[in-house]
Amino acid sequence: MLKASYKQYILNFKQASGTSRGILRTKETYFLILEKDNKRGIGECGLFRGLSADDRPDYEEKLQWVCDNIGLGLERLLMELMQFPSIQFGVEQAFLSLEGVTPFELFPSKFSKGEEAISINGLIWMGDKSFMQQQIKDKLQQGFSTIKMKIGAIDFETEFNLLKSIRKEFSSKEIELRVDANGAFTPNNALEKLDRLASLDMHSIEQPIKQGQWQEMASLCEKTPLAIALDEELIGVFSLEEKQKCIETIQPQFIILKPSLVGGFRGSKEWIDIASKYKADNWITSALESNIGLNAIAQWTYTLKNPLPQGLGTGSLFTNNIESPLEVAKGSLQYNLSKDWEISI
């Protein structure tokens, strides 16, 4: 007899983290637990308030519905949960976890066995100039060769000068620079800012203008001197037809997949397949999940064999994360098999 339950878990940031949507001090998430024949499976439903398409008043009600109807099986549940992408992802993880040899090895590979690592970018959070400078220094000392900086919280000139100072010291062969604007630019000023950023020999910019402006974004992608990656643009686009229409209209250079926000492994794979038809590459990013969700995303990401640095380095941001063998070293995410999972849920 398959049984299911869920539990809320509040993650506390080590220090307040700035985004274009404000300052984050806590992050709520939910664990979906399956039990059958003395085995347990666990998945994380990584709700992101203010960003997730399923940030709705009936979210916990839907989680309870999943628990009450777990006997429907994975396929039926995923269909019924179309408008709850983070719950879709939690359900996918939980079933894989239950079926696995251990609850935490969802995709057995050289990565999960600690033999190979995944190259990741070092994330620089928004804040005042000195805070951002210190983070940049730390990431470089930690061996990152790709730095991703969130911009749009302080004035553009200050942010541009910070990036310029990195480029003065390190060429694009030494340090790859990515920026994430989180929709901070307007259609009127975006191209001028993209021109200036491109002068720093950057890799790409995520979501230069707010999502939902498909024609304006299409125009930017056509004229841009700097590769554009869609991020928030993919959130809340549920059907295959709409996904196709989005990519066909905008024709971006990259798409960025956050499984918690786009319907898990299956939803992400749909986007990847559509984007590849239009020559758009991709990378995978976590969305402030605990190590439960990060573990699932990382193991799946490894199976894609994408050589680009991925966005999987957010596990160390919290004071009360789930203890796990995952660790960041020399600009990579890897398993330290001398460490164990410690979870009391």
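Scroll up to find the structure.
Now for a look at the structure at hand.

Reading the values: rules and limits
- Residues numbered from 1 in each chain as written.
- Predicted model: local features only at pLDDT ≥ 70, side-chain atom pairs only at ≥ 80, totals over all residues.
- Heavy atoms only, no water.
- Axes fitted to C-alpha atoms, helices over the stretch in contact; angles between N-to-C directions.
- Helix = DSSP H or I, 4+ residues; strand = E, 2+ residues; numbered from the N terminus.
- Parallel < 35°, antiparallel > 145°, perpendicular 65-115°, else oblique.
- Left-handed = near helix turned anticlockwise from the far one by under 90°.
- Contact = heavy atoms within 4.5 Å.
- Nonpolar A, V, L, I, M, F, W, Y, C, P; charged D, E, K, R; others polar.
- Buried < 20%, exposed > 50% of the residue type's maximum accessible area, 1.4 Å probe, protein only.
- Pairing = 2+ DSSP bridges.
- Right-handed = clockwise from strand over helix to strand, strands pointing away.
- Salt bridge = Lys/Arg side-chain N within 4 Å of Asp/Glu carboxyl O.

## A word on the packing of helix 1 (residues 59-68) against helix 3 (residues 85-99)
Right, on to step 1. Contact geometry of helix 1 with helix 3 gives a least axis separation of 11 Å together with a crossing angle of 30 degrees. The angle between helix 1 and helix 3 falls in the class roughly parallel. Between helix 1 and helix 3 lies a crossing of right-handed hand. Residues Y59, K62, L63 and V66 of helix 1 lie in contact with helix 3, whose contacting residues are S86, I87 and V91.
Right, on to step 2. Considered class by class, the residues forming the contact of helix 1 with helix 3 number five nonpolar, one polar and one charged.

## Overview of the pairing of strand 6 (residues 146-150)
Right, on to step 1. Most of strand 6 sits inside the fold, with five of its five residues counted as buried.
Right, on to step 2. A two-sided burial pattern is seen for strand 6, the buried positions comprising T146, K148 and K150 on one face and I147 and M149 on the other.
Right, on to step 3. Here three bridges tie strand 5 (residues 122-124) to strand 6, and the two strands are oriented parallel to one another. Bridge pairing in strand 6 places G122 opposite I147.
Right, on to step 4. As paired elements, strand 6 and strand 7 (residues 176-180) share five bridges and run parallel to each other. Of the residues in strand 7, the one forming a bridge with I147 is L177.
Right, on to step 5. In this fold, strand 6 hands off to helix 5 (residues 156-169), which returns the chain to strand 7; that crossover is right-handed.

## Things to note about the sheet that holds strand 9 (residues 228-230)
Right, on to step 1. Reading across from one edge, 5-6-7-8-9-10-11 is the order of the seven strands in this open sheet, with parallel pairing throughout. Looking at strand neighbours, the two that pair on one side only are strand 5 and strand 11 (281-284), the edges of this open sheet. Direction aside, neighbouring strands of the sheet carry axes that sit 25 degrees apart on average.

## Details of the pattern of salt bridges
Right, on to step 1. A complete count under the given rule lists 15 salt bridges for this structure.
Right, on to step 2. A salt bridge links E105 to K113; its shortest N-O distance comes to 2.8 Å.
Right, on to step 3. Under the relative-accessibility criterion, E105 is labelled buried at 18%.
Right, on to step 4. For K113, a relative accessible area of 40% puts it in the partly exposed group.
Right, on to step 5. D273 serves as the salt-bridge partner of K269, at 2.8 Å between the closest nitrogen and oxygen. Of the two residues, K269 and D273 both sit in helix 10 (residues 264-277), four residues apart, roughly one turn of that helix.
Right, on to step 6. Because the salt bridges share partners, they merge into one network encompassing K148, K150, D180 and E206.

Remember that the coordinates give geometry; whether it matters functionally is a separate question.
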